Amino acid sequence: MQIPLSLQFINLLAALLLLIAFAMLTQRRILSLINLFALQGFVLAISTFVVAYSTSQHHLYYSAGLTLLLKVLLLPWLLHRLIRKLNVRWDVETMINIPTTMLVGIALVIFSFNLAAPISQLAEGITRGLIGIALASVLLSLLMMLTRRKAVSQVVAFLSLENGLFFAATSATQGMPLVVELGIALDVLVATFIFGIFFFQIRETFDSLDITHMEKLKDD
Amino acid sequence: MIDSQLLALLLIPLSGGLLLAVFGSRSWAAELNSLMSFGTFVASVVLTMRIIDSGPQVAFGEEFFIDQFNVFLVALTAFVAFTTSLFSRPYMRIEQHHGKLSIGMLHLYYSMYQMFTFAMLVALTTNNMGIVWVAMEAATLTTVLLVSLYRTPASLEAAWKYFILCGVGIALALFGTILLYFAAERLLGQGGTALLWTHLNQVKSGLEPTVLKLAFVFLLVGYGTKVGLVPLHSWLPDAHAEGPTPVSAVLSGLLLNVALCAVVRSKVLVDGSLGTHFAGNLMMGFGLLSVVVASLSLFRQKDIKRMFAYSSIEHMGLITFAFGMGGPVATFAGLLHMTVHSLTKSAIFFAVGHAVQKVGTQQMENIRGLMQVSPTVGWGLALGTFAILGMPPFGVFSSEFLIITTAMHEYPWATPILLVALGIAFAAIFGKIQPVVFGETTAKRLPHPPALIPVFAHLLLVLMLGLYMPPYLADWYRQAAALLG
Amino acid sequence: MEYLNLILAILFQLAQLLLVVLLAPLLTGWVNQCQAWLQNRSGAGVLQPYRVLRKLFQKDAVIAYNASPLFRVTPYIVFGCMWLAAAIIPIIAVDLPFSQAADVIALVGVFAVARVFLALAAMDIGTAFGSLGARREMLVSFLAEPALLMVFFTASMISHSTQMPRIVDALAHHQFMLYPSLAFAALAFVIVLLAENARIPVDNPTTHLELTMIHEAMILEYSARHLALIEWASSLKLFAYISIGIALFLPHGIVAVGNWAGLPLAIAFLLLKMLAAGAGLAVFEAISAKLRIFRAPEFLGTAFLLAVLGLLIHFLLGA
């Protein structure tokens, strides 16, 4: 069976997305993390564009444009501004054992591929296998959230999780209804603003953006 | 006709939110807040009458769908939101006098309160599973800044946990929604209609079972995080304990219901499609686990709001279990329990809020002898506690009785677990509240009694539902139960 | 006609055998020269490795008095293994007689044999540096080898064969496709190549600093013709690895069965690819810094991760 070139290209981008998710998982520097996030958004925008082109669905062009605007330009710009204002631009995170994290990541990828295998059998043509990759990058972002101790990197993990979901929505299912996508984009934008407000509140109160300070609430 | 009624219901809180965003720091902001909530309540009553008269309806080109099930939740939501706004007017003013809140914080509170109501009403009435997600996320976003309203380290931590955990949970729900769309797209074609619940419900037997199973797991875990189901419940006690009391009341009384409504909607689709009891079983499992874990945690609580937050987890678990069992009686009981739990729990939080405000601490060992300090607060808390523990004349008793008898009939193995868990919860809460209400104290009697009309109004309703259920209400529940199957 | 084909094939195989062994030092010289240019030095010229080899062959060998025969035979074994590996990889044509033996798993085995002998010989004399180098080498290769195997498996999955000529045939001569899995494998392979050939992020072939050296520590006791053979073997190893890289990831230009007329073009392509690969290697080394030895496992772990991801993606996407 000859796979059309556009699908091959989307597959390549999907693989790239997964690679970026791994790179984010093991990246220690906050600045590079944000750049990787912007790159992920860029890959996402291209893949949405390719899907739009190959299935000639016009509303996906809007999605691609929206992604480019929001996730490649606006959110990274906001985050850059934020870390400059918060003076955490050069912060380096001490993380537990990167090889272990990577192995757990591989296990997650295997798990999600397994989970998605029956589904990818069903999908016809263009979407085969992409759900698995989307799920894997969602789970990797979750793992990143668990292993991070800095508020900013947790938020980047949260946003990259959203990217994985968006990839599932656009590439695997060829686009949710536009009104839903707009709603999601709005929510993400508002969430980022609220995160920003939070950073300042947290730093004002704890003098640091390290969330290890925030483990006081227990059941006794 | 239905369009304009629905429009009124949604536009009143939205415009309230916008108005309060502008005028939130005026001295009459609290009154405006109550007025807007009252307007919403009136609109919901009108809509409810209409639905009871003429059955399920779609509105705005099928984007919204109202049937007996969600209109009942709409009415409940609007009512509790209204009474809470009444309660919060004096309560927040006193907080302001104590210097815990500034004008700016109140401004934020009032506008977000209306936006929160709006988000919940959209989540309840929309027909689009994607919009359900968007509205649920919006409801999280509007409340997250309310939880951290006091700006204390503890409240910030609670809000951060709430934000992150619910954010993650709701992201998983989005994945579930995407999978649902993925399954539906093949039958309904691309574009707008493939996520409409009514359309999905019509073609549910043709949906791909493997995809739907996976989708439901994600939806349950995702929205279940917001319902407060164990093991993703850890945000709930923190957010309830550290946020302002009116926020605790609406979170516990309303938001949890709205999230559960989304789970139940998905369950109807999935079990209808699979023809098995897969989704129901999962819900029963998570529900039972929540009941057990929450009731065991009750013993360790020292903070009074935290304890009642765990009690909310327990009751949401019970309701989830009831909906999971399915069938007309269990669903009926679940709906009834939803109602009485919302009313009772918000009443308890009102009373607790006043008590905490008088004493200045949330630690139960420091709150003693409320009967002597202020008999109204004392009686309010005592009656509320009796009601939530399922003492006979109150409505909670009837719904719990129905749930347990159904369980005995259909799933006998679950009955002892439920009974033991409820017994433990009873012992824990009663043992801790008894000295709080009746204990000895040296504190002075309060000069003036607090305004607790909402507390007694709620408790009166719960009492009425326990003693006598008006036939039209019973009919209404029965129709809703029939819709859910 | 078939008879002629066979003779031609054998001739070309012999030519490859000879050319490889003669040209391998040239590749090393080219890499060194590129590095010199990047460092703003004029460099010693691309022929410098030959001069070094000639010098070493002319000297008298000095061997520790407690050296066992193992120490003496190791250079010949290592040289033989590397020559064999470099000679059988199909880099010009896919149907040369010896290339049937170029099974990827066998290739890994051949490399492993050379490595084991080298490590044993390093410990044979009993000096501290020898065993230190051997241990470090084993640490690195114990992490690199699984990654290399994973890379090979990914390529084998796509072409349904572990034989090098079949893989090249499948990748070069069927319809063009984008293989995301191969992209991952290629990245992993580059890391393995750097580690196995003692290149910069993992090891530095130009220093003899006891804190950092790996490969050089092992061969510190060798002199004269033995050292010459080992240096030559290192050149051959680099040549072999780059050949594998070319065969797996850039096979376009390698001619098909019976296409003798295309051979000159294929050789030209090969030379271009080799030049580019050598220059790329030099650039990469120039821009990266050597890792602490304890960070090397992390680096190689990345290779393994990438290779496994490639394999998984192949399973999921079928590409």
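Residues numbered from 1 in each chain as written. Chains lettered and ligands numbered in written order. Predicted model: local features only at pLDDT ≥ 70, side-chain atom pairs only at ≥ 80, totals over all residues.

1. What to know about the overall build of chain B
Phase 1: When its secondary structure is counted, chain B shows 19 helices and two strands.
Phase 2: What you see for chain B is a C-alpha radius of gyration of 21 Å, in line with the 23 Å of a compact globule of 485 residues.
Phase 3: With the C-alpha coordinates of chain B rotated into their principal frame, the extents come out at 70 × 55 × 45 Å.
Phase 4: A burial count over chain B gives 61% of its 485 residues as buried.
Phase 5: The long-range fraction of contacts in chain B, counting pairs at least 24 apart against all pairs at least 6 apart in sequence, stands at 80%. (Helix = DSSP H or I, 4+ residues; strand = E, 2+ residues; numbered from the N terminus. Rg over C-alpha atoms; globule rule 2.2 N^0.38 Å. Buried ≥ 20, exposed ≤ 12 C-beta atoms within 10 Å, placed from the backbone. Contact = placed C-beta atoms within 7 Å.)

2. As for the overall build of chain C
Phase 1: A tally of helices and strands in chain C yields eleven helices and zero strands.
Phase 2: Walking chain C from its N terminus toward its C terminus, one meets helices and strands in the order α-α-α-α-α-α-α-α-α-α-α.
Phase 3: Relative to its length of 319 residues, chain C is compact, with a C-alpha radius of gyration of 20 Å against a globular reference of 20 Å.
Phase 4: In terms of principal-axis extent, the alpha carbons of chain C reach across some 55 × 45 × 40 Å.
Phase 5: Every one of the 319 residues in chain C was classed for burial, and the buried ones make up 48%.
Phase 6: Across chain C, the fraction of contacts at a sequence separation of at least 24, relative to all contacts at a separation of at least 6, is 81%.

3. Some words on the interface of chain C and chain A
Phase 1: With 18 residues of chain C at the interface, the matching set in chain A holds 20 residues.
Phase 2: Those elements that place two or more of their residues in the side of chain C that touches chain A are helix 7 (180-196) and helix 11 (296-317) of chain C.
Phase 3: Broken down by element, the residue count for the side of chain C that touches chain A peaks at eleven residues, all from helix 11 of chain C.
Phase 4: Considering only residue class, the side of chain C that touches chain A consists of 15 nonpolar, two polar and one charged. (Nonpolar A, V, L, I, M, F, W, Y, C, P; charged D, E, K, R; others polar.)

4. What about the interface of chain A and chain B?
Think of interface size as the accessible area that goes away when the parts come together; that is how it is often given.
Phase 1: In this assembly, 38 residues from chain A lie in contact with 40 residues from chain B.
Phase 2: Per-element tally for the side of chain A that touches chain B: the top contributor is helix 7 (residues 178-206) of chain A, with twelve residues.

5. Overview of the packing of helix 1 (residues 2-38) of chain C against helix 3 (residues 69-88) of chain C
Residue and element names in this part refer to chain C.
Phase 1: Between helix 1 and helix 3, the shortest axis-to-axis distance is 9 Å and the interhelical angle comes to 120 degrees. Classed by the angle they form, the pair helix 1 and helix 3 counts as oblique. Our pair here, helix 1 against helix 3, has a crossing hand that is right-handed. In this structure, helix 1 uses Gln16, Leu17, Val20, Val21 and Ala24 to contact helix 3, whose residues at the interface are Trp83, Ala86 and Ala87.
Phase 2: Its residues placed into classes, the contact of helix 1 with helix 3 shows seven nonpolar, one polar and no charged. (Axes fitted to C-alpha atoms, helices over the stretch in contact; angles between N-to-C directions. Parallel < 35°, antiparallel > 145°, perpendicular 65-115°, else oblique. Left-handed = near helix turned anticlockwise from the far one by under 90°.)

6. Remarks on the UniProt feature "transmembrane region" (unreviewed entry) in chain C
Residue and element names in this part refer to chain C.
Phase 1: UniProt feature "transmembrane region" (unreviewed entry): in the numbering of this structure it lies at residues 6-31, 76-98, 104-126, 138-158, 178-195, 238-261, 267-287 and 299-317.
Phase 2: End-to-end, the C-alpha atoms of residues 6-31 are 36 Å apart, and along that stretch the chain is 100% helix and 0% strand.
Phase 3: Across residues 299-317, the secondary structure splits into 100% helix and 0% strand, with the terminal C-alpha atoms separated by 27 Å. (UniProt positions renumbered as here; feature names shortened; annotations may be inferred.)

7. Some remarks on the nonpolar core
Phase 1: Among the nonpolar cores identified, the biggest contains 370 residues, and C:Ala188 and C:Ala307 are the most heavily contacted of them.
Phase 2: For this core, the element with the highest residue contribution is helix 6 (residues 153-188) of chain B, accounting for 24 residues. (Core = buried A, V, L, I, M, F, W, Y, C linked by C-beta atoms within 7 Å.)

8. Here we look at unusual backbone geometry
Phase 1: Cis rather than trans, the peptide bond between B:Val230 and B:Pro231 has omega equal to 10 degrees.
Phase 2: Look at B:Arg151: it is not a glycine, yet its phi comes out positive at around 60 degrees.
Phase 3: Inspection of the secondary structure assignment puts B:Arg151 in the loop between helix 5 (129-147) and helix 6.
Phase 4: Given 15 C-beta atoms within a 10 Å radius, B:Arg151 is considered partly exposed.
Phase 5: A positive phi angle, close to 50 degrees, is found at C:Ala224, a residue other than glycine.

9. A look at the packing of helix 12 (residues 304-325) of chain B against helix 17 (residues 414-438) of chain B
Residues and elements named next belong to chain B.
Phase 1: Two numbers describe how helix 12 lies on helix 17: the axes approach to 12 Å, and their chain directions differ by 160 degrees. Put simply, helix 12 runs roughly antiparallel to helix 17. At the point where helix 12 passes helix 17, the crossing takes the left-handed sense. Residues Met307, Ser311 and Glu314 of helix 12 form the contact with helix 17, whose own contacting residues are Ala425, Ile429 and Lys432.
Phase 2: In terms of residue class, the contact of helix 12 with helix 17 is made up of three nonpolar, one polar and two charged.

10. Considering the environment of B:Gly206
Phase 1: Examined against the element boundaries, B:Gly206 turns out to sit in the loop between helix 7 (197-202) and helix 8 (209-227).
Phase 2: B:Gly206 sits 19 residues away from B:Leu187 along the chain, and the two C-alpha atoms are 7.6 Å apart.

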